[in-house]
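Here's the letter readout for the chains.
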Amino acid sequence: MAKAFGVDVEMTILPRSVMMTVWDSSHEKSMAMNEKLPAIPLNFHLISQFSQLSWKVRDVHIGVDDAQVELENILSQPRLNAYLVTLLTGLGNASFCRLFGGDWVAMFVVFVATINGFYLKSILHKRWSWDMRLATLAAACTSSVIASVGFVLGVTATPDIALGTSVLYLIPGIPYINSVSDLISGHLLCSLSRFIQACILTACLGIGLALGILIMNIQYF
Amino acid sequence: MFLDILSDGLFAAVAAIGFGSISNVPVSAFKGCALLAALGHATRYTLMHLAQWNIMPAAFVAAIVVGLLAPKLGKYWNTPVEALAFPALLPMIPGMYAYRAVEGALLCLISKTEADFNHAFYLLNNNGMICVIIVMLMVIGVTIPIQVAHRKVNG
């Protein structure tokens, strides 16, 4: 991409900021930038669009202005509908319950628990701008309280699986994967930072689940 | 048995789309993600239940399968390989092990006798180690074939 614009680029990527230095082709003038990274949620659609744009710059040689326009275009695209995401997450977690051997009633319990927990998390995080970790804790607690209906009412033969899988949608899977992927490519600082962040979220999830179990007074362990 | 493997793949596909949608996977890549996740998870299920493998090597081989197919599907659906392969790995993330490790740590804190503490500490370490090793093996397994395919294309 840099070659297409006739410059050389050196980048340093840190967990919360990016440093970038650009030289002209004869290495006489340089310009450095240090940009803070906003904490935006993961967005694979954006990544794919950026990737396509970078290929376009390299292969079709569109100019800086055209690329700028296209960049603004990409950034203004909305995310998937929030209700659809909630529904899909519920279905996904319910089928996860099935993978662990839960029956149909357990799947339904997990579906309801997930939808409620996920909705609560997004409301707390986005509308009330709670901290992500606190929101995760609250969501895990809510989900586990709802999922413990299997223990309380005895409607399903696999209440333990329903309770165990009801909080799995909160596991930060992509950060874990990215952390190892950074580790492989040698970005140790980023890798460690992502791993610790993911671990903190998992710990919040665990505390929330334990709180839910404590509230409902269930012998789970 | 064949039906079990098929349903395992089906539910893994639904789970991949569900968890992928949280990270805003492009709608055009849903099909590819679902297919990869189904193949990967079904591979792991087959290895674990028919061949009686341990979960760790089974997850490694399943990730290699995902990594082998992802570049071809990525070209077909015109998406970067990572946007297909990483969400496809999501159903295989050992989330259960991850939070069982946290529960183990909590049990450590409230344990009253040495035997209780030892058991809780065992739970923490056993689950934590298995979780970390599975994630590492999975990402290594998915990266190697993708890198090889990348090298082939670039010369």
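Check the entry above for the structure.
This report concerns the structure included in the present document. (Residues numbered from 1 in each chain as written. Chains lettered and ligands numbered in written order. Predicted model: local features only at pLDDT ≥ 70, side-chain atom pairs only at ≥ 80, totals over all residues. Heavy atoms only, no water.)

1. Let's talk about the side chain of Thr-156 of chain A
Residue and element names in this part refer to chain A.
- By the secondary structure assignment, Thr-156 is in the loop between α6 (149–153) and α7 (159–165).
- Since its relative accessible area comes to 9%, Thr-156 is described here as buried.
- Among the polar contacts listed, one links the side chain of Thr-156 to the side chain of Asp-103, at a separation of 3.0 Å.
- Engagement of the side chain of Thr-156 in a polar contact is seen with the backbone nitrogen of Thr-158, the distance being 2.9 Å.
- When sequence neighbours within four positions are dropped, the list of residues in contact with Thr-156 reads Asp-103, Val-105, Ala-106 and Gly-150. (Helix = DSSP H or I, 4+ residues; strand = E, 2+ residues; numbered from the N terminus. Buried < 20%, exposed > 50% of the residue type's maximum accessible area, 1.4 Å probe, protein only. Polar contact = N/O pair within 3.5 Å; in protein donor to acceptor, adjacent residues only side chain to side chain. Contact = heavy atoms within 4.5 Å.)

2. What to know about the pairing of strand β1 (residues 7–13) of chain A
Residues and elements named next belong to chain A.
- Bridging between β1 and strand β2 (residues 17–24) involves seven bridges; their strand directions are antiparallel. Considered in β2, the bridge of Ile-13 is made with Val-18.
- Here β1 hands over to β2 after three residues, the two strands then running antiparallel side by side. (Pairing = 2+ DSSP bridges.)

3. Notes on the environment of His-41 of chain B
- Considering the arrangement of structural elements, one finds His-41 of chain B in helix α2 (residues 30–49).
- Discounting residues that sit within four places of it in the chain, His-41 of chain B has contacts with Leu-99 of chain A together with Asp-8, Ala-12, Pro-91 and Met-92 of chain B.
- Polar side-chain contacts of His-41 of chain B include one of 2.8 Å to the side chain of Asp-8 of chain B.

4. Digging into the packing of aromatic side chains
- Considering all chains together, one arrives at six aromatic pairs over all chains under this definition.
- Taking the centre distance of 5.6 Å and the plane angle of 70° together, the rings of Phe-96 of chain A and Phe-100 of chain A count as edge-to-face.
- For the ring pair Phe-96 of chain A and Phe-19 of chain B, a centre distance of 5.4 Å and an interplane angle of 75° mean the geometry is edge-to-face. Taken together, the residues Phe-96 of chain A in helix α3 (residues 82–99) and Phe-19 of chain B in helix α1 (residues 2–22) connect one chain to another.
- The buried category is assigned to Phe-96 of chain A, whose relative accessible area is 4%.
- Looking at Phe-19 of chain B, the relative accessible area reads 9%, which means it is buried.
- Among the aromatic residues, those joined into a cluster by ring pairs are Phe-96 and Phe-100 of chain A together with Phe-19 of chain B.
- Lying across the ring of Trp-104 of chain A, Arg-98 of chain A places its NZ or CZ 4.7 Å from the centre. (Phe/Tyr/Trp six-rings, centres within 6.5 Å; stacked < 30°, edge-to-face > 60°. Lys NZ or Arg CZ within 6 Å of the ring centre and 35° of its normal.)

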